[in-house]
Amino acid sequence: MYFPTVLSAVTAVAGLAAAAPAGHAPPAGAAPTPFVIPTDDGFPNPNPDQLKVIQQIADGTLSNAAPPAKINESSFPVFQLISFNEQFEVAFFSSLIYNVTNDVPGFALKNPKKKDELLDILETVLAQEKLHAINAGKTLANFKQFVPVPCKYQFPTANIYDAIALADRFTALVMGTLQDAAQTLARNGDVGPVRGVASSLGQEGQQDGFYRILLSKKPSEKPFLTTNVAAFAFSALQQFIVPGSCPFPLSNIKLPIFTPLQVLTGAGGFDVEARDQHIAYKVDLTGVSTADAHIGKSDLWITYFSGQLLPISMPIVNVKWSGRVATFEAEFPFSANEMVGLSVAALTTSGKFTSPGEVVGATLAAPGLIQVDDRVKSWDGFKL
Ligand SMILES: *[C@@H]1O[C@H](CO)[C@@H](O)[C@H](O)[C@H]1NC(C)=O
Ligand SMILES: *[C@@H]1O[C@H](CO)[C@@H](O)[C@H](O)[C@H]1NC(C)=O
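Note on numbering: residues in each chain are counted from 1, in written sequence order. Lettering of chains starts at A and numbering of ligands starts at 1, both following the order in which they are written. Owing to the predicted nature of the model, reporting of local features is limited to residues with pLDDT of at least 70; listing and counting of side-chain atom pairs is limited to 80 or more, with chain, interface and lining totals taken over all residues. Neither water nor hydrogens contribute to the side-chain values; these are computed over all heavy atoms in the structure.

A. Looking closely at the overall build of the chain. The helix and strand tally for the chain stands at 9 helices and 7 strands. Exposure categories follow from relative accessible area, calculated using a 1.4 Å probe and restricted to protein chains: below 20% of the type maximum is buried, above 50% is exposed, and the middle band is partly exposed. Taking all 384 residues of the chain together, the buried fraction comes to 53%. Here, two residues are considered to be in contact whenever any of their heavy atoms come within 4.5 Å of each other. A separation of at least 24 residues holds for 78% of the contacts in the chain among residues at least 6 apart in sequence. Accessible surface, the chain: about 17,100 Å² in total, of which carbon and sulfur atoms supply 57%. Numbering of helices and strands runs from the N terminus; a helix is a DSSP stretch of H or I covering at least four residues, while a strand is a stretch of E covering at least two. Here, Shrake-Rupley sampling with a 1.4 Å probe gives the accessible areas, and only protein chains in the shown set may cover a residue.

This is how it looks when you write it as structure tokens:
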């Protein structure tokens, strides 16, 4: 997943430039400020009184069910990834709330009632994400496993529209990843936590419906949401982490980190047109030893996840190499597969898969995210 810094292009494309606050670009060359999660409510380790307050804001509590008697060790990375991801989300929504509250340029809302309403909703989302993170951490701690702690974060967004568009995008990816979490837990014989994963997946869907309506997209994206795999989610999250800022080695989480697959079509894969077309990609395979035999060649595929379809592979074409950097295209078979909503792309060494999980072992770079939007016609959307 590659988020270009020119996301605001989406605003113009969507014809919302007038409604969205003007973007505020940081001075050229300025390093993005690392964001640190505020600790005033004790997160990620609140005391019982602090937890009570978080639960009040979240409109609900953690489960009071006894923890499972045992967890298959193959399942621990699932909980570590959920914890790592939810901490990123806590950082993102904390930063967004700060920006809206303080009228940071690009985030100042004209209508004070809308500002109050948005902050009210985002405060509840934030508390809910905190409980998702705490829940995953409790399971790990119960089995004396490594519990991720917050890192320092960086976000590519500099205005409210782009921030909500990013929230829509990462929430859709998370909902795909939680499908993989449920599947992995079931396969590993850990049926106990599956109910909770399904519960939080629906919760994320409610959030995303709200973000989507703000963006003038239909709230329900697809009949069956696009799936994803844990390794692609862990890889995508790396761009939000200030390099080297996690107070633990990332290898504590036993998942691969793939090099990014950049989508060049649309505004970095946002707002891609709803039609059959070639999509352009770029990849830098420096340091990817599994790519050695393929450098300079065209024997690779783009493999897509879309909805609950089996992985769809298309050969790469118009390949241009410069050392280990390649630009190329692949067909986006939109109409045959109704690829509205999120598609997750990977650069793979094979073009034949019978399940999403198989794709990981053949991947050289991932994920590339492509979004085709079915927009509502008259909703006034982002009138904040
Ligand atoms: C909050 O504003 C800062 C300064 O413009 C920006 O760097 C950061 O990305 C914003 N946060 C979010 C979540 O968009
Ligand atoms: C643990 O998970 C592995 C991988 O899915 C599986 O092969 C094994 O049977 C599981 N163990 C139990 C006790 O279910």
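B. Geometry of the state of the cysteines. Any two cysteine sulfur atoms within 2.5 Å of one another count as a disulfide. Inspection of every chain in the model, using the stated rule, returns 1 disulfide. C151 shares a disulfide with C246; S-S distance 2.1 Å. In this structure the cystine formed by C151 and C246 twists about its S-S bond by roughly 100 degrees; its chirality is therefore right-handed. Of this pair, C151 sits in the loop between helix 4 (112-142) and helix 5 (160-187) while C246 sits in the loop between helix 7 (230-237) and strand 1 (261-263); the two residues are 95 residues apart in sequence, bridging distant segments of the chain. With respect to burial, C151 and C246 carry one shared label: buried.

C. Seen up close, the site of ligand 2. The cutoff for a nearby residue is simple: one of its non-hydrogen atoms must lie within 4 Å of the molecule or strand. Every residue close to ligand 2 is listed here: N72, S74, R187 and N188. Here a polar contact is taken to be a pair of N or O atoms separated by no more than 3.5 Å, where protein atoms must pair a possible hydrogen donor with a possible acceptor and residues adjacent in sequence count only if both atoms sit in side chains. Residue N72 places a side-chain N or O atom 2.3 Å away from an oxygen atom belonging to ligand 2. Taking N188, its side chain carries an N or O atom lying 2.5 Å from an oxygen atom of ligand 2. Residue classes follow a fixed rule: Ala, Val, Leu, Ile, Met, Phe, Trp, Tyr, Cys and Pro count as nonpolar, while Asp, Glu, Lys and Arg count as charged, and any other residue, Gly among them, counts as polar. When the residues that make up the shell around ligand 2 are grouped by side-chain class, the tally is no nonpolar, 3 polar and 1 charged.

D. Layout of a negative patch on the surface. For patch building, the residue pool is restricted to those with more than 30% relative accessible area and no salt bridge; the joining distance is 9 Å between like charges and 5 Å between nonpolar side chains (Val, Leu, Ile, Met, Phe, Trp, Tyr). Definition used for salt bridges: Asp or Glu carboxyl oxygen within 4 Å of a side-chain nitrogen of Lys or Arg. For the charge count, each Lys or Arg is scored as positive and each Asp or Glu as negative, with His and the chain ends excluded. For the purpose of locating charges, the reference atoms are NZ of Lys, CZ of Arg, CG of Asp and CD of Glu. On the surface, a cluster of negative charge is contributed by D59, D116, D120 and E123. Judged by its relative accessible area of 55%, D116 falls in the exposed class.

E. Spatial organisation of the confidence of the model for the chain. For every residue, the predictor assigns a confidence score, pLDDT, that lies between 0 and 100. Mean pLDDT for the chain: 91, with 90% of residues reaching 70 or above. Counted against residues more than four places away or in other chains, residues 1-31, with its pLDDT under 50, gives 57 contacts.

F. Seen up close, the layout of surface pockets. When its volume is computed, the second largest pocket comes out at roughly 880 Å³. Contributing to the lining of the second largest pocket are 31 residues, with L62, S63, N135, G196 and V197 lying nearest its centre. Contributions of two or more residues to the lining of the second largest pocket are made by helix 3 (76-101), helix 4 and helix 6 (194-214). A total of 8 residues in the lining of the second largest pocket trace back to one element, the largest contributor, which is helix 4. Its residues assigned to classes, the lining of the second largest pocket shows 13 nonpolar, 13 polar and 5 charged. Using a grid of 1 Å spacing that covers the protein atoms alone, one calls a set of points a cavity when a 1.4 Å probe fits there but cannot get out, and a pocket when the set is open and has protein on both sides within 12 Å along at least five of seven lines; lining residues are those with an atom within 4 Å of a point. Grid points are joined across faces, edges and corners, and a volume is the space filled by probe spheres set on the points.

G. Examining empty space enclosed by the protein more closely. Considering all chains together, one arrives at 2 cavities of 30 Å³ or more under this definition. By volume, the largest cavity is sized at about 210 Å³. Together, 20 residues line the largest cavity, and L81, N85, V174, T177 and A233 are the ones closest to its centre. Broken down by secondary-structure element, the contributors of at least two residues to the lining of the largest cavity are helix 3, helix 5 and helix 7. No other element matches helix 5, which puts 8 residues into the lining of the largest cavity. Partitioned by chemical class, the residues of the lining of the largest cavity number 15 nonpolar, 3 polar and 2 charged.

H. Structural view of the environment of L309. Mapping L309 onto the fold places it in the loop between strand 3 (301-306) and strand 4 (312-322). The partly exposed category is assigned to L309, whose relative accessible area is 36%. Expressed as a C-alpha distance, the spacing of L309 and S355, which sit 46 residues apart in the sequence, is 9.2 Å.

I. Local environment of the packing of helix 4 against helix 6. Where helix 4 meets helix 6, the closest approach of the two axes is 12 Å, and the angle between their N-to-C directions is 155 degrees. With respect to each other, helix 4 and helix 6 are oriented roughly antiparallel. Our pair here, helix 4 against helix 6, has a crossing hand that is left-handed. Residues L118, I121, V125, Q128, E129 and H132 of helix 4 pack against S200, Q203, E204, Q207, F210, Y211 and L214 of helix 6. Every angle, taken between N-to-C directions, lies between 0 and 180 degrees, and every axis is a line fitted to C-alpha atoms, over only the stretch in contact when it is a helix. Note on angle classes: values under 35 degrees are labelled roughly parallel, values over 145 roughly antiparallel, values of 65 to 115 roughly perpendicular, and the remainder oblique. Helix crossings fall into two classes, left-handed where the near helix is turned counterclockwise from the far one by less than a right angle and right-handed where it is turned clockwise.

J. Structural context of the packing of helix 3 against helix 4. Where helix 3 meets helix 4, the closest approach of the two axes is 8 Å, and the angle between their N-to-C directions is 160 degrees. Viewed along their axes, helix 3 and helix 4 adopt a mutual orientation that is roughly antiparallel. Two packed elements cross with a definite hand, and for helix 3 against helix 4 that hand is left-handed. Taken together, the residues that form the contact of helix 3 with helix 4 break down as 16 nonpolar, 7 polar and 6 charged.

K. Representation of the nonpolar core. By nonpolar core we mean a set of buried residues, namely Ala, Val, Leu, Ile, Met, Phe, Trp, Tyr and Cys, connected to one another through side-chain atoms within 4.5 Å. One finds F84, F92, F93, L96 and Y153 to be the most contacted residues of the largest nonpolar core, which totals 54 residues. For this core, the secondary-structure elements that each account for two or more residues are helix 2 (48-58), helix 3, helix 4, helix 5, helix 6 and helix 7. Ranked by residue count, the leading element in this core is helix 3, at 10 residues. Discounting chain neighbours no more than four positions away, the residues touching Y153 are T33, P34, F35, I37, Q87, F88, A91, F240, I241 and V242.

L. A look at the pattern of salt bridges. Across all of its chains, the model carries 12 salt bridges by this definition. Across the salt bridge formed by D168 and R212, the nearest N and O atoms sit 3.9 Å from each other. Taken as a pair, D168 in helix 5 and R212 in helix 6 lie far apart in primary sequence, 44 residues in all. Summarising the burial analysis for this pair, D168 and R212 share the class buried. Between K217 and D373 there is a salt bridge; the shortest N-O distance is 3.1 Å. In this pair, K217 sits in the loop between helix 6 and helix 7 while D373 sits in the segment after strand 7 (363-372), placing the two residues 156 residues apart along the sequence. In this pair, the class of K217 matches that of D373, namely buried.

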